[in-house]
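Listed below, chain by chain, are the residues.
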Amino acid sequence: MYVVKSPLSDADLKVVSEALQGALVDLVDLSLVAKQIHWNVVGPRFRSVHLQLDEVVDTARLHSDTVAERASTLGVSPDGRAATVAKTSGIGAVHEGWVKDVDAVRALVDALGAVITRMRERVDATGDADPVSQDIFIGITADLEKHHWMFQAENG
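Residues numbered from 1 in each chain as written. Predicted model: local features only at pLDDT ≥ 70, side-chain atom pairs only at ≥ 80, totals over all residues. Heavy atoms only, no water.

You'll find the protein entered in an unreviewed UniProt entry as DNA starvation/stationary phase protection protein, with Streptomyces polyasparticus given as the organism.

What follows is the structure, encoded as structure tokens:
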């Protein structure tokens, strides 16, 4: 079996692989949370919130692929299985059923805030270990912070 060899030291690879795996889990869960709320949002701002949620889903899916492929590039097997995501995500549970638009926005603000906090920790952790992965985390954080701002502005 072919194994990809990382140019990083074992110690740096451990730090980076944990950061990449954590980011993958958070991004996969963020896409699922946003899609769940997307399907169930109701209220006077239904359409705008519904469409805005799909933008978050697209961002999370795009970045989850980038993160998983970076892990693979470094010889680390990414794990985006449902059980792994459910067990290790930093995002809180989403209520089932219909969600009022104001509550949907609040839930996304909370979910994005949780992911951003953990993403910033990954930026710090990977700076010396692997600036290439750090750069990926910086870009992801910038995109998520933009969504966070826009959702916060929704509820004023």
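Structure shown, so let's carry the discussion forward.
(A) Up close: the overall build of the protein. Scanning the protein from N- to C-terminus turns up five helices and two strands. Here the protein has a C-alpha radius of gyration of 16 Å; the compact-globule value for 156 residues is 15 Å, and the two agree. With respect to the three principal axes, the spread of C-alpha positions in the protein is 55 × 30 × 20 Å. By the burial criterion, 45% of the 156 residues in the protein qualify as buried. Intrachain contacts of the protein at a sequence separation of at least 6 include 85% that bridge at least 24 residues. Accessible area for the protein stands at about 8,400 Å²; split by element, carbon and sulfur atoms hold 56% of it. Distance between charge centres in the protein, computed from 15 positive and 23 negative side chains, equals 4 Å. (Helix = DSSP H or I, 4+ residues; strand = E, 2+ residues; numbered from the N terminus. Rg over C-alpha atoms; globule rule 2.2 N^0.38 Å. Buried < 20%, exposed > 50% of the residue type's maximum accessible area, 1.4 Å probe, protein only. Contact = heavy atoms within 4.5 Å. Areas by Shrake-Rupley, 256 points an atom, 1.4 Å probe, with all protein chains shown as cover. Lys, Arg positive; Asp, Glu negative; His and termini not counted. Charge placed at Lys NZ, Arg CZ, Asp CG, Glu CD.)

(B) Main features of the nonpolar core. Formed by 44 residues in total, the largest nonpolar core has its most connected members in Leu 30, Leu 108 and Leu 144. The set of elements that each furnish at least two residues to this core consists of α1 (10-40), α2 (46-73), α4 (101-126) and α5 (131-155). With 13 residues, the single largest contributor to this core is α1. Beyond its immediate chain neighbours, meaning those up to four positions away, Leu 30 contacts Val 56, Ala 60, Ile 91, Leu 108, Ala 111, Leu 112 and Leu 144. (Core = buried A, V, L, I, M, F, W, Y, C linked by side-chain atoms within 4.5 Å.)

(C) The arrangement of the packing of α1 against α5 in detail. In the contact formed by α1 and α5, the axes pass within 11 Å of each other and the chain directions differ by 25 degrees. One element, α1, and the other, α5, form an angle in the roughly parallel class. Read as a crossing pair, α1 and α5 show a hand that is left-handed. Residue-level inspection shows Val 16, Ala 19, Leu 20, Ala 23, Leu 27 and Leu 30 of α1 in contact with α5, the latter providing Ser 133, Phe 137, Ile 140 and Leu 144. Split by residue class, the contact of α1 with α5 holds nine nonpolar, one polar and no charged. (Axes fitted to C-alpha atoms, helices over the stretch in contact; angles between N-to-C directions. Parallel < 35°, antiparallel > 145°, perpendicular 65-115°, else oblique. Left-handed = near helix turned anticlockwise from the far one by under 90°. Nonpolar A, V, L, I, M, F, W, Y, C, P; charged D, E, K, R; others polar.)

(D) Spatial organisation of the UniProt feature "domain: Ferritin/DPS" (unreviewed entry) in the protein. Taking the numbering used here, the UniProt-annotated feature "domain: Ferritin/DPS" (unreviewed entry) corresponds to residues 18-153. The span residues 18-153 is 79% helical and 3% strand by assignment, and the distance between its end C-alpha atoms comes to 33 Å. (UniProt positions renumbered as here; feature names shortened; annotations may be inferred.)

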